[in-house]
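Listed below, chain by chain, are the residues.
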Amino acid sequence: MQSFLMIDARLQSLRVVARCGTITAAAEDLGYTPSALSHQLRSLSKDLGVPLLEPDGRRVRLTSAAWTLLERSHALYAHWEGIRAELHRAAGVGLGRLRLAGFSTAASAMLPSVAVAVMRDFPDSQVRIIEADPSACFDMLLAETVDVAVVVGTSDLPPTDDPRFDQRPLFADPLDLLVPVTHPLARVTSVRLTDVAEERWIMDRPGSTHHHLVSTACAAAGFNPRQAHTVVEWDTGAALVAAGFGVALVPRLARVPGAEETVRVPLTGDPSPARHVRTSVRAGTAEQPEIALALQELGEVAARVATTV
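One structure accompanies this document, and this report is about it. As the structure is a prediction and not an experimental result, all values here were calculated from the model.

Concerning helix α9 (residues 234-242)
Side chains of residues three or four places apart in an α-helix project in the same direction, reflecting 3.6 residues per turn.
Part 1: Those residues of α9 lying buried are Gly-237, Ala-238, Leu-240 and Val-241. Each buried residue of α9 sits inside an arc of 160 degrees when the element is viewed along its axis, so together they form one side.
Part 2: Structurally, α9 contributes buried residues whose contacts are with β6 (165-180), β7 (200-203), β8 (226-230), β9 (248-251) and β10 (262-266).
Part 3: Just past α9, the residue Gly-244 takes up positive phi, approximately 85 degrees.

Section: the pattern of salt bridges
Part 1: Tallied over the full model, the rule gives 18 salt bridges.
Part 2: A salt bridge links Asp-8 to Arg-10, with the shortest nitrogen-to-oxygen separation between them at 2.7 Å.
Part 3: The salt bridge involving Arg-120 is made with Asp-121; its shortest N-O contact spans 3.0 Å.
Part 4: Given a relative accessible area of 41%, Asp-121 falls into the partly exposed group.
Part 5: The structure contains a network of salt bridges with shared partners spanning Glu-81, Arg-84, Arg-97, Arg-99, Asp-147 and Arg-282.

Let's talk about the nonpolar core
Part 1: One finds Leu-100, Met-110, Val-148, Val-150, Leu-170, Phe-171 and Leu-298 to be the most contacted residues of the largest nonpolar core, which totals 28 residues.
Part 2: Sorting the residues of this core by element identifies β3 (97-102), α5 (104-109), α6 (111-121), β5 (148-152), β6, β11 (274-282) and α10 (289-306) as the ones contributing at least two each.
Part 3: Of the residues forming this core, the biggest block, eight residues, is contributed by α10.
Part 4: Sequence-distant contacts of Met-110, defined by excluding residues within four places in its chain, comprise Thr-105, Leu-170, Phe-171, Leu-298, Val-301 and Ala-302.
Part 5: Counting residues in hydrophobic clusters, the runner-up holds 20 residues, among them Leu-185, Ala-186, Leu-193 and Leu-267.

Notes on the packing of aromatic side chains
Part 1: Per the counting criterion, the structure on display carries two aromatic pairs.
Part 2: Between the aromatic rings of Phe-138 and Phe-165, the centroid separation amounts to 5.0 Å while the plane-to-plane angle is 80 degrees, which identifies the pairing as edge-to-face. Taken together, the residues Phe-138 in helix α7 (residues 134-142) and Phe-165 in strand β6 connect sequence positions 27 residues apart.
Part 3: In this arrangement the basic side chain of Arg-15 is found over the ring face of Tyr-77, its NZ or CZ atom lying 3.9 Å from the centre.

Remarks on the packing of helix α1 (residues 9-20) against helix α2 (residues 23-30)
Part 1: Contact geometry for α1 and α2: axes closest at 8 Å, N-to-C directions at 125 degrees. The angle between α1 and α2 places the two elements in the oblique class. As for how α1 packs across α2, the hand of that crossing is right-handed. Of α2, the residues touching α1 (which contributes Ser-13, Val-16, Val-17 and Cys-20) are Ile-23, Ala-25, Ala-26, Asp-29 and Leu-30.
Part 2: Grouping the constituent residues of the contact of α1 with α2 by class yields seven nonpolar, one polar and one charged.

What counts as what
Residues numbered from 1 in each chain as written. Predicted model: local features only at pLDDT ≥ 70, side-chain atom pairs only at ≥ 80, totals over all residues. Heavy atoms only, no water. Buried < 20%, exposed > 50% of the residue type's maximum accessible area, 1.4 Å probe, protein only. Helix = DSSP H or I, 4+ residues; strand = E, 2+ residues; numbered from the N terminus. Arc of directions from axis to C-beta. Contact = heavy atoms within 4.5 Å. Salt bridge = Lys/Arg side-chain N within 4 Å of Asp/Glu carboxyl O. Core = buried A, V, L, I, M, F, W, Y, C linked by side-chain atoms within 4.5 Å. Phe/Tyr/Trp six-rings, centres within 6.5 Å; stacked < 30°, edge-to-face > 60°. Lys NZ or Arg CZ within 6 Å of the ring centre and 35° of its normal. Axes fitted to C-alpha atoms, helices over the stretch in contact; angles between N-to-C directions. Parallel < 35°, antiparallel > 145°, perpendicular 65-115°, else oblique. Left-handed = near helix turned anticlockwise from the far one by under 90°. Nonpolar A, V, L, I, M, F, W, Y, C, P; charged D, E, K, R; others polar.

So, in structure tokens, the structure goes:
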């Protein structure tokens, strides 16, 4: 973790504990041992003269004083990040590194070109790409192990007005119905979700972003999908669809193999289900040179993608 030069690192640790929910998970994100992190927080509590953690069964929870401290610190962090960005621009230098994170489709279809652009303009900067689920992206942003995240918006993520982050929309990625070439719907130009309510469904594992997205779309159409098979990778899902084991919803941006054995059918209806893709950075960091370039490049990639989805 890159500590803030002018802000107590123990406060950053408290922020990550609040986001992760446990000492163990926060310690893993921060690269500490749980005992070292606990010692940090006890030390901060002693210096402030107020309790920050209290027992909650076998776990701990933040006290009201801790939540007050965190709420008042959001503007402090954003202001300091803005100062650092301004200093780097004035000096004509960058941070020397950029960590990009995103869900699988973004990691393959968008982030490589962003990394190339940053390495071209900042040849001395180390650029790293991490494939991660959206929730993990926010954990890594807060722990400062990631600088820019591309996520699919879902209800369990921080809201777009969360003061800890600067989140911006990129594009909407429509979902298509994937059916085998032998399916009657393979010959139609569009389909409503209600037309496939009785089908067997091939879906991601419960709790995943895509499972939530498909379940929500089907619920909006008035039915609960009957999940017959559970998959993680698009390759597996496409193979099961091609073999006639069910249908699936796939994002238009996703590269699905076996195109000769399956057919994508555009969905119609109001609203038509889509993944809403957005970027997120820590509040105040958007003007930091490498991050600003990455956001600009992501906007350009999104504009090109929007013409094809």
